Amino acid sequence: SLAGARFGEANLGSAGLKGSDLGDADFAGANLQEADLHKTNLLGTAFRGADLSGANLQRAALREGDRRADFKGARLHRVDFRGADLSGHDLEDADLRDCLLQGVSMAGATLKGADLGGAQLEEADVTDCDFVGVRFDSLTVLRRAKVRGARIDRHTLESLKDYGGLTPGDRMQMRI
């Protein structure tokens, strides 16, 4: 257990922390590239400005009630979030390029300024997310995602190849 520990600017690249308790720890500005955080308790943990590129966060505890991990401005390039709950998280200005988000709940998450280029969001729950100004690219996939009430601007929608797999019915549930 490293709950509540301070790791600001620490170099923990490739660290094996699988199953650890890192609740309320502070990793602001830390390097956690390729770290294994599978099934790790990250409730209340701060990752502001941290680099978690390539980290494994599969089934990590990221949300319980109002307690959430803080990823604002974090570099999350190629992170595997499958089985995690990102609903209501503040992902403003986060680098989520090429992330594995299949089946992940992101309902109501704040995504202002986030980069979701190449992100795989098949069957993800993005209900009520605001995608205005979010960066998508031709590799971003939203096939079979729950998009009811999600807000998106025309430019962002058109940047998706074949609308990212969104059907006309899906797009009708969105606020464009």
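Scroll up to find the structure this text is about.
Bear in mind the structure is a predicted one, so any value in this text is a computation, not a measurement. (Residues numbered from 1 in each chain as written. Predicted model: local features only at pLDDT ≥ 70, side-chain atom pairs only at ≥ 80, totals over all residues. Heavy atoms only, no water.)

1. Examining the overall build of the protein
Inclusion rule: Each helix is a run of H or I in the DSSP string that is no shorter than four residues. Each strand is a run of E no shorter than two, and both are numbered from the N terminus. Atoms counted for the radius of gyration: C-alpha only. Globule rule: 2.2 Å times residue count to the power 0.38. Here's how the labels work: a residue is buried when its accessible area is under 20% of the maximum for its type, exposed when over 50%, partly exposed in between, all with a 1.4 Å probe on protein chains only.
Check the secondary structure of the protein and you find 2 helices and 2 strands. Ordering the α and β elements of the protein from the N terminus gives β-β-α-α. In terms of overall size, the protein behaves like a compact globule, its C-alpha atoms giving a radius of gyration of 16 Å where 176 residues would be expected to give roughly 16 Å. A principal-axis box enclosing the C-alpha atoms of the protein has dimensions of 50 × 30 × 20 Å. Considering the protein as a whole, with its 176 residues, one finds that 47% of them fall into the buried category.

2. Description of the side chain of T40
This is how the line gets drawn: It only takes one pair of heavy atoms within 4.5 Å for two residues to be counted as in contact.
Structurally, the position occupied by T40 is in the segment before β1 (63–64). The residues touching T40, leaving out its near neighbours within four places in the chain, are L17, K18, G19, S20, L22, A60 and A61.

3. Re the nonpolar core
Inclusion rule: Here the nonpolar core consists of buried residues drawn from Ala, Val, Leu, Ile, Met, Phe, Trp, Tyr and Cys, with membership extended through side-chain atoms lying within 4.5 Å.
Ranked by size, the top nonpolar core spans 54 residues in total, and within it L57, F71, L76, F81 and M106 carry the most contacts. Those residues in contact with L76 that lie beyond four places of it in its chain are L52, F71, F81, L91, A94, D95, L96, R97 and C99.

4. Quick look at the pattern of salt bridges
Formally: We define a salt bridge as a contact between a side-chain nitrogen of Lys or Arg and a carboxyl oxygen of Asp or Glu at a distance within 4 Å.
Tallied over the full model, the rule gives 14 salt bridges. The residue R48 makes a salt bridge to D70 at a minimum N-O spacing of 2.5 Å. Here the residue R48 occupies a position in the segment before β1, and D70 occupies one in the loop between β2 (67–68) and α1 (154–158), the gap between them amounting to 22 residues. A relative accessible area of 41% means that R48 is categorised as partly exposed. A salt bridge links D95 to R97; its shortest N-O distance comes to 2.8 Å. Note on D95: relative accessible area 13%, which makes it buried. Residues joined by salt bridges that share partners form a network here, namely D51, R75, D95, R97, D115 and R135.

5. Structural notes on unusual backbone geometry
Across the chain, the bulk of peptide bonds are trans and the bulk of non-glycine residues have phi less than zero. Unlike most non-glycine residues, E34 shows phi in positive territory, near 65°. With respect to the helices and strands, E34 occurs in the segment before β1. The class for E34 is partly exposed, based on a relative accessible area of 43%. In the Ramachandran plot, R59 falls in the positive-phi region, its phi being about 55° despite a non-glycine side chain. One can find R59 in the segment before β1. Judged by relative accessible area, which is 52%, R59 ranks as exposed.

6. Remarks on the packing of aromatic side chains
The condition is simple: By convention, a stacked pair of Phe, Tyr or Trp rings (six-membered ring in the case of Trp) has centres within 6.5 Å and planes under 30 degrees apart, an edge-to-face pair has planes over 60 apart, and any other such pair is tilted.
All told, the structure shown has 5 aromatic pairs when counted by the stated rule. Centre to centre, the rings of F27 and F47 are 5.3 Å apart; their planes meet at 10°, and the pair counts as stacked. Taken together, the residues span a long stretch of sequence, with F27 in the segment before β1 and F47 in the segment before β1 at a distance of 20 residues. By relative accessible area, F27 is classed as buried at 2%. A ring pair is formed by F71 and F81, whose centres lie 6.0 Å apart and whose planes are at 85°; its orientation type is edge-to-face. With a gap of 10 residues between them, F71 in the loop between β2 and α1 and F81 in the loop between β2 and α1 connect regions that are remote in the sequence. Among the aromatic residues, those joined into a ring-pair cluster are F7, F27, F47, F71 and F81.

The values reported here are purely geometric and, on their own, carry no functional implication.
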